[in-house]
Amino acid sequence: MAESMDMILWQRVTQGDYNAFNGIYDSYWDTLLAIALKKVGDMDVAMDIVQDLFVDIWQKRYTLQIQTSLQPYLVSALYFKVFNHFRQQGVQQKHINQYYQLVDTADSSEHFASTGYEENYETLLYAIEQSVHGMPERMKKVFQLKYYRSLNNQEIAD
């Protein structure tokens with residue numbers, strides 16, 4: 001019974017029904033959050049991963065083809081998100097380790113002269129500001145709260 005109701009909701013989501021999407025979100029948020037938390041061990045990270053999953057689903061609602069029932073699809077998609085999180089963490093850690101190696105072995109006056117770095121930094125900041133300026137209002141507000149004010153998901157939601 002619940003499976004057929006899920007598929008009815010999903011059909012409505014594929015037609016752009018935001019209320020049906022909220023129904024799916026409300027039904028599965030706690031379950032998916034518990035799974036993510038168990039896998040990553042950090043509530044904020046788990047919340048980010050689950051939130052990203054639902055954002056992706058909403059953005060791809062017109063093209064996603066869910067052939068089985070909804071719950072296995074959501075859990076599989078969540079595991080994929082968790083995997084990508086760990087893969088990204090590994091890449092970031094690799095870059096951090098390479099940076100520390102460079103700092104340990106390099107002559108800092110030779111490799112870290114300030115010439116050019118400030119200009120590149122300013123260019124990067126300008127590019128970020130332009131990207132944020134082009135976002136829809138709600139997305140811009142969330143971005144600003146997350147990255148400019150360093151709020152976590154719960155603080156942003158409040």
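For the structure, see preceding data.
## Re the overall build of the chain
- A count of helical and extended segments in the chain gives 8 helices and 0 strands.
- Scanning the chain from its N terminus toward the C terminus, one meets helices and strands in the order α-α-α-α-α-α-α-α.
- Within the chain, the proportion of its 158 residues that are buried is 27%.
- Considering only contacts within the chain whose residues lie at least 6 apart along the sequence, 58% involve residues at least 24 apart.
- As displayed, the chain has an accessible area near 11,400 Å², and 53% of this comes from carbon and sulfur atoms.

## Examining the packing of helix α2 (residues 18-40) against helix α3 (residues 43-59)
- As a packed pair, α2 and α3 sit with axes 9 Å apart at the nearest point and diverge in direction by 145°. The interaxial crossing formed by α2 with α3 has right-handed handedness. Of the residues in α3, those touching α2 at Tyr-18, Phe-21, Ile-24, Tyr-25, Tyr-28, Trp-29, Leu-32, Leu-33, Ala-36, Leu-37 and Val-40 are Met-43, Val-45, Ala-46, Met-47, Ile-49, Val-50, Gln-51, Leu-53, Phe-54, Ile-57 and Trp-58.
- Residues that form the contact of α2 with α3 fall into these classes: 21 nonpolar, 1 polar and no charged.

## As for the nonpolar core
- Formed by 29 residues in total, the largest nonpolar core has its most connected members in Trp-10, Ile-24, Leu-32, Val-50, Phe-54 and Leu-78.
- Top element by residues in this core is α2. It accounts for 10 residues.
- Sequence-distant contacts of Ile-24, defined by excluding residues within four places in its chain, comprise Leu-9, Trp-10, Val-13, Phe-54, Leu-70 and Leu-74.

## Examining the side chain of Arg-61
- By the element assignment, Arg-61 lies in the loop between α3 and α4 (70-105).
- One buried charged residue, Arg-61, forms no salt bridge at all, with the nearest opposite charge on Asp-17 at 9.4 Å.
- A polar contact of 2.4 Å, which involves the side chain of Arg-61, links it to the backbone oxygen of Trp-58.
- Excluding its chain neighbours within four sequence positions, the residues that come into contact with Arg-61 are Trp-10, Val-13, Thr-14 and Gly-16.

## A closer look at a nonpolar patch on the surface
- Where nonpolar side chains cluster on the molecular surface, the patch consists of Leu-124, Ile-128, Tyr-147 and Tyr-148 and spans about 430 Å² of accessible area.
- Looking at the secondary structure, you find Tyr-148 in helix α7 (residues 137-148).
- The class of Tyr-148 is partly exposed, set by a relative accessible area of 47%.

## A short note on the pattern of salt bridges
- Counted under the stated rule, the structure contains 2 salt bridges.
- A salt bridge links Arg-12 to Asp-17; the shortest N-O distance between them is 2.9 Å.
- The partly exposed category is assigned to Arg-12, whose relative accessible area is 34%.
- Residue classification places Asp-17 among the partly exposed positions, given a relative accessible area of 21%.
- For Lys-81, the salt bridge identified is with Asp-56, shortest N-O distance 2.2 Å. Of this pair, Lys-81 sits in helix α4 while Asp-56 sits in helix α3, and the two are 25 residues apart along the sequence.
- We classify Asp-56 as partly exposed; its relative accessible area is 22%.

The rules behind these values
- Going along each chain's sequence as written, the residues are numbered from 1 onward.
- It should be noted that, the model being predicted, local features are given only for residues of pLDDT at least 70 and side-chain atom pairs only at 80 or more, the latter also being counted only at that level, while totals for whole chains, interfaces and linings use all residues.
- Side-chain descriptors were evaluated using all non-hydrogen atoms of the structure, hydrogens and water having been removed beforehand.
- Each helix is a run of DSSP H or I of at least 4 residues and each strand a run of E of at least 2, with the numbering of both proceeding from the N terminus.
- Accessibility here uses a 1.4 Å probe with only protein chains present; expressed as a share of the type maximum, an area under 20% marks a residue as buried, one over 50% as exposed, and anything in between as partly exposed.
- Residues count as neighbours in contact if any of their non-hydrogen atoms are within 4.5 Å of one another.
- With residues, only the protein chains shown are counted as cover, and all accessible areas are computed by Shrake-Rupley using a 1.4 Å probe.
- Only the contacting stretch of a helix is used when fitting its axis, a line to C-alpha atoms as for every element, and angles between N-to-C directions run 0 to 180 degrees.
- In this scheme the handedness of a crossing depends on how the near helix is turned from the far one: anticlockwise by less than a right angle means left-handed, clockwise means right-handed.
- Under the scheme applied, nonpolar residues are Ala, Val, Leu, Ile, Met, Phe, Trp, Tyr, Cys and Pro; charged residues are Asp, Glu, Lys and Arg; polar residues are all the others, including Gly.
- Throughout this description, the term nonpolar core refers to a set of buried Ala, Val, Leu, Ile, Met, Phe, Trp, Tyr and Cys residues connected via side-chain atoms within 4.5 Å.
- Working convention for charge: Lys and Arg count positive, Asp and Glu count negative, and His plus the chain ends are omitted.
- Take a side-chain nitrogen of Lys or Arg and a carboxyl oxygen of Asp or Glu: if they are within 4 Å of each other, that pair is a salt bridge.
- Side-chain atoms alone can form a polar contact between residues adjacent in sequence; in general such a contact is a pair of N or O atoms within 3.5 Å, and within protein one must be able to donate a hydrogen while the other accepts it.
- Patch members must show over 30% relative accessible area and no salt bridge, and they are joined within 9 Å when carrying like charges or within 5 Å when they are nonpolar side chains of Val, Leu, Ile, Met, Phe, Trp or Tyr.

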